[in-house]
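# A structural walkthrough
These are the residues of each chain, in order.
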Amino acid sequence: MHPFDDKDLTFDDFRKFIKAGLQGEMNFEEEATEKTDGQNVFATVKDGEVLFARNKTQLKDPINLDGITTMFANHPSDMVRDTFTFAAKDLAKNLARLKPADQEKYFDNGKNFMNMELIYSKNPNVINYDRDVIQFHGIKVTD
């Protein structure tokens, strides 16, 4: 959890974070990652088809490329629509190219999802980026 997301932290807790960081004594349960500012999407491969999800409901019933492009087709922001459409097309093309054994290894026939942040330089949220990136956060294992 990002410290700003933990509403129970006190000013003294932040002081301890800063002191530990300056002394090189930060210890994490998980590897620390940079906080980025984009749009989140999940992707999986099931029976050779690349599928997408944006929320828990879609993790249970993911949608294909046509489904995600249709989902954003009438979005009021052209930039949001482009972010998801361009990334989904790239992901669908490239994840489908994985060898079947690798698709099975990473995605377990649609049970596991790549968690990604879509950063599109023409669509900043708060932070302006100078390049387009699909940043992989890891694999979400589901049942």
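Presented here is a report on the structure given in the accompanying data block. The residue numbering used here restarts from 1 in each chain and proceeds along that chain's sequence as written. With the structure being a predicted model, the display of local features is reserved for residues of pLDDT at least 70 and the display and counting of side-chain atom pairs for 80 or more, all residues being used for whole-chain, interface and lining totals. Hydrogens and water molecules were not included; the side-chain quantities draw on all heavy atoms of the structure.

## Some words on the pattern of salt bridges
- The term salt bridge refers to a side-chain nitrogen of Lys or Arg lying within 4 Å of a carboxyl oxygen of Asp or Glu. This structure, assessed with the given rule, holds three salt bridges.
- With its nearest N and O atoms 2.7 Å apart, the salt bridge here joins D12 to R15. Taken together, the positions of D12 and R15, both in helix 1 (residues 11–22) and three residues apart, correspond to about one turn of that helix.
- Of the residues examined, R15 reaches a relative accessible area of 41% and is grouped as partly exposed. Helix numbering and strand numbering both begin at the N terminus, where a helix is a DSSP run of H or I of at least 4 residues and a strand a DSSP run of E of at least 2. Think of it in three bands: residues with accessible area under 20% of the maximum for their type are buried, residues over 50% are exposed, and the middle band is partly exposed, with areas taken using a 1.4 Å probe on protein chains only.

## Here's the deal with the packing of aromatic side chains
- When the centres of two rings from Phe, Tyr and Trp lie within 6.5 Å, Trp using its six-membered ring, the rings pair. Their planes under 30 degrees apart give stacked, over 60 give edge-to-face, and anything left gives tilted. Overall, the coordinates contain three aromatic pairs when judged by the stated rule.
- Aromatic side chains F14 and F17 sit 6.1 Å apart centroid to centroid with 90 degrees between the ring planes, which places their arrangement in the edge-to-face category. Of this pair, F14 and F17 both sit in helix 1, three residues apart, roughly one helical turn.
- Residue classification places F14 among the partly exposed positions, given a relative accessible area of 24%.
- Look at F72 and F84: their rings are 4.1 Å apart centre to centre, the planes differ by 5 degrees, and that puts the pair in the stacked class. Of the two residues, F72 is situated in helix 3 (residues 65–73) and F84 in helix 4 (residues 78–95); the sequence distance between them amounts to twelve residues.
- A relative accessible area of 3% means that F84 is categorised as buried.

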